[in-house]
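# Coordinate inspection notes
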Amino acid sequence: MADRSLRGIRLGAQSLQSEEGVILHERTQRTYVCATCAHETTLTFAADAEAPETWECRACGAEAVLRVGDTTVTVDHSDEKAARTHWDMLLERRSIPELEELLEERLAFVRARRGSGEDVTKKTA
């Protein structure tokens, strides 16, 4: 009975799984070239997977473009929208004269709360 008992192994020392019967999927390697630093990054994808046209450069973080043969793919950025800032959204709702009027109202309110008629934007020494 003692010879049939399981012996303990250290955690993480070995895997009890074997690679018998495992069939790996076909793979292809794609190369991306950074336009900023000319660094080449080679990545492995599944053979039937569609590789993205761009990838982040590992060296500088800029956009690297997929190389096919001796040339790189041209990426169309025309459908990408520019990010709208808070200022852009504010200008969609109000005009500059309206914003200036609101600013004057708020400054008058703050001056009244302070109990003085001096300009809030001026620093006192």
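Summarised in this report is the structure supplied together with it.

### Topic: the side chain of Thr-31
Checked against the element boundaries, Thr-31 lands in strand β1 (residues 27-34). You can call Thr-31 buried: its relative accessible area is 13%. In this structure, Thr-31 is in contact with Glu-40, Thr-41, Thr-42, Val-65, Leu-66 and Arg-67, ignoring residues within four places of it in sequence.

### Examining the packing of helix α1 (residues 86-93) against helix α2 (residues 96-114)
Interaxial distance between α1 and α2 falls to 8 Å at its minimum, and their mutual angle equals 100°. In terms of orientation, α1 and α2 fall into the roughly perpendicular class. Together, Trp-87, Leu-90, Leu-91 and Arg-93 of α1 and Ile-96, Glu-98 and Leu-99 of α2 make up the contact between the two elements. For the contact of α1 with α2, the class distribution of residues is five nonpolar, no polar and two charged.

### Let's talk about the pairing of strand β2 (residues 40-46)
Relative to β2, β1 is paired through seven bridges, and the arrangement is antiparallel. In the sheet register, Thr-31 faces β2, and the bridge partner there is Thr-42. Hairpin connection of β1 to β2: five residues between the antiparallel strands, including Ala-38 at a positive phi of 65°.

### Some thoughts on a negative patch on the surface
Taken together, the side chains of Glu-50, Glu-53, Glu-63, Asp-76, Asp-79 and Glu-80 define an acidic patch exposed on the protein surface. Along the polypeptide, Glu-63 turns up in strand β4 (residues 63-68). For Glu-63, a relative accessible area of 37% corresponds to the partly exposed category.

### Some remarks on the packing of aromatic side chains
Applying the stated criterion across every chain, the model contains two aromatic pairs. Between the aromatic rings of Tyr-32 and Trp-55, the centroid separation amounts to 5.9 Å while the plane-to-plane angle is 35°, which identifies the pairing as tilted. Placement of the pair is Tyr-32 in strand β1 and Trp-55 in strand β3 (residues 54-56), with a sequence separation of 23 residues. Taking relative accessible area as the criterion, Tyr-32 reaches 0% and is therefore assigned buried. When the ring of Phe-45 is compared with that of Trp-55, the centres are 5.9 Å apart and the planes differ by 80°; the resulting orientation is edge-to-face. Separated by 10 residues along the polypeptide, Phe-45 in strand β2 and Trp-55 in strand β3 bring together distant segments of the chain. Of the residues examined, Phe-45 reaches a relative accessible area of 15% and is grouped as buried.

Conventions adopted
Residues numbered from 1 in each chain as written. Predicted model: local features only at pLDDT ≥ 70, side-chain atom pairs only at ≥ 80, totals over all residues. Heavy atoms only, no water. Helix = DSSP H or I, 4+ residues; strand = E, 2+ residues; numbered from the N terminus. Buried < 20%, exposed > 50% of the residue type's maximum accessible area, 1.4 Å probe, protein only. Contact = heavy atoms within 4.5 Å. Axes fitted to C-alpha atoms, helices over the stretch in contact; angles between N-to-C directions. Parallel < 35°, antiparallel > 145°, perpendicular 65-115°, else oblique. Nonpolar A, V, L, I, M, F, W, Y, C, P; charged D, E, K, R; others polar. Pairing = 2+ DSSP bridges. Patch = residues over 30% accessible without salt bridge, like charges linked within 9 Å, V, L, I, M, F, W, Y side chains within 5 Å. Areas by Shrake-Rupley, 256 points an atom, 1.4 Å probe, with all protein chains shown as cover. Salt bridge = Lys/Arg side-chain N within 4 Å of Asp/Glu carboxyl O. Lys, Arg positive; Asp, Glu negative; His and termini not counted. Charge placed at Lys NZ, Arg CZ, Asp CG, Glu CD. Phe/Tyr/Trp six-rings, centres within 6.5 Å; stacked < 30°, edge-to-face > 60°.

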